[in-house]
Every structure is written in structure tokens, then in C-alpha cells.
Amino acid sequence: MYAQIVLFDGFDPLDATAPFEVLAAGSEFAGGELQVELVSAEGPREVLSGTLGMVLHATAQLDPSKPGFIVVPGASGPIDGDPDDVDTIPVLLARFAESAAIPLLRKAMESPDVTVATVCGGSLALAMGGLLEGRNAVTHHLGMDLLEATGVTTVNARVVDDGDLVTSGAVTSGLDLALHLLDRTYGPTVALAVEDLFAYERRGTVWTA
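Keep in mind that this is a model prediction, so the values were computed, not measured.

Chemist: What is the right way to look at the environment of Ala127 in this model?
Modeler: In this structure, Ala127 sits in helix 4 (residues 122–128). Assessed through its relative accessible area of 8%, Ala127 is described here as buried. Remark: the alpha-carbon pair of Ala127 and Leu146, spanning 19 residues in sequence, is separated by 9.3 Å. Beyond its immediate stretch of four places on either side in the chain, Ala127 contacts Leu132, Leu147, Thr150 and Val152.

Here it is as C-alpha cells:
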């Protein structure tokens with residue numbers, strides 16, 4: 001199985017690195033069965049985050065045919081400002097929603113072998129791209145009204161499991177999201193081993209469809 005963490009210009013670093021770390025550690029406890037990688041829709045490249053110029057390197061192109069997980073982070077940056085002059089979080093998410101990633105993610109969501117997961121504003125980006133209408137999902141609390149306006153049934157939970165779509169709200173929820181994916185796929189022994197390694201216990205009750 002594969003875990004592809006999708007990077008895009010303006011991504012939130014913790015949204016990407018928290019699930020990356022958790023899933024990488026989980027792979028070790030699962031015998032290396034899960035291959036974790038940073039990807040982008042454009043292929044291998046340096047990707048600029050929205051936080052103080054931090055850059056991460058995408059090593060491959062997002063592949064919607066690979067079985068496993070695809071994790072979409074949210075964006076970081078200013079919340080308010082003239083969208084014509086300032087790359088606010090809504091602007092960054094809207095750009096992603098119009099990018100080459102959306103057709104790839106649409107293909108992934110049509111595959112029975114892929115679970116698409118999002119952290120924080122990642123669900124809002126997918127919703128803006130027309131991928132989540134009629135689904136159950138959560139995002140950062142500041143974006144819940146906008147998420148609902150796209151036709152999503154919003155759920156006030158830290159992690160929302162809607163089958164092949166798993167979403168989480170707030171930046172640090174990427175830890176809980178990834179631990180839930182490990183628990184769901186490999187069982188509680190693997191998830192608990194990662195919790196013990198990181199000295200972190202999952203927060204909140206997972207809402208499950």
C-alpha cells in the first residue's frame with residue numbers, strides 16, 4: 001500500500017508532516033508494508049509552503065491508481081486581505097481547487113482501493129473543486145460555513161470517517177487522522193505502538209458514517 005501526501009504551493013507544513021511522520025512510523029510497525037511519500041500533481045519538485053518560506057521536496061507525481069491513502073493538507077498564511085493582492089488561505093485553497101491535482105483526485109475517489117484523507121483546509125480545497133458534494137466532512141472551524149455552502153454535510157468532530165473519505169479539522173488533527181487510518185487498516189496494535197513512540201494519545205471521538 002501507499003500513502004501519498006500531496007504538496008501544493010502554500011500548503012501548511014504541519015498538515016503534511018504530521019501525517020507523514022505518523023504513517024511512516026506506522027509502516028515500521030506494520031513490517032514496512034506502507035510506502036509513504038511526498039508527491040505533487042506536477043511531479044518531483046521543490047514545493048513552497050505558506051509558512052516562512054519553508055520548502056519540502058515532492059519526490060513523485062500524485063498517482064491516483066496506487067492503492068492506499070492520499071492525504072491532502074490545508075494551506076497556511078494570512079486569513080484576511082484583498083484576494084487580488086494577498087495570498088490568503090482561501091486564495092491558496094481556491095488555486096489548488098483549480099489545479100491539475102483535482103482531476104487526479106477525482107480519479108482516486110473513483111477507485112475502490114483508495115481512501116482520500118484531508119487535514120484542516122484540505123477538505124475545503126476538495127469541496128471547492130467539486131469533489132465532496134453530498135459527503136460528510138469537517139474542516140477548520142473558520143471554514144465550516146463555506147464547506148457547508150459547497151453542498152457538504154458538515155460534522156462537528158475532530159475526525160470524520162465517511163468510508164473512502166476521511167477528513168479532520170484543525171492543524172494538529174493530522175496526527176489523529178493518520179492514527180485513525182493506521183488503526184482502521186492495520187489494527188489498534190500498530191496505532192498504539194505509534195502513540196507510545198510519539199508520546200501522543202488521539203484526541204476526540206471519530207465520527208463514522
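Chemist: How should the pattern of salt bridges be read in this particular structure?
Modeler: Side chains that differ in sign of charge can pair as their charged atoms come close. Tallied over the entire structure, the rule returns 10 salt bridges. We note a salt bridge from Glu42 to Arg45, for which the minimum N-O separation is 3.1 Å. Arg45 gets classed as partly exposed once you look at its relative accessible area, which sits at 21%. Between Asp164 and Arg135 there is a salt bridge whose closest N-O contact spans 2.7 Å. Taken together, the residues Asp164 in the loop between strand 10 (159–161) and strand 11 (165–168) and Arg135 in the loop between helix 4 and strand 8 (136–137) connect sequence positions 29 residues apart. If you follow the salt bridges from partner to partner, you end up with Asp9, Glu42 and Arg45 in one network.

Rules used throughout
- Per chain, the residues get numbers from 1 upward, laid out in the order the sequence is written.
- Selection of residues for local features in this predicted model requires a pLDDT of at least 70, selection of side-chain atom pairs for listing and counting requires 80 or more, and totals for whole chains, interfaces and linings are taken over all residues.
- Calculated side-chain values reflect all of the structure's heavy atoms, with hydrogen atoms and water omitted.
- Each helix corresponds to a stretch of at least 4 residues labelled H or I by DSSP, and each strand to a stretch of at least 2 residues labelled E; elements are numbered beginning at the N terminus.
- Accessible area is worked out with a 1.4 Å probe on protein chains only. A residue is then buried under 20% of its type maximum, exposed over 50%, and partly exposed in between.
- Residue contacts are counted whenever heavy atoms from the two residues lie within 4.5 Å of one another.
- The term salt bridge refers to a side-chain nitrogen of Lys or Arg lying within 4 Å of a carboxyl oxygen of Asp or Glu.

Worth remembering: the numbers are spatial, not functional.
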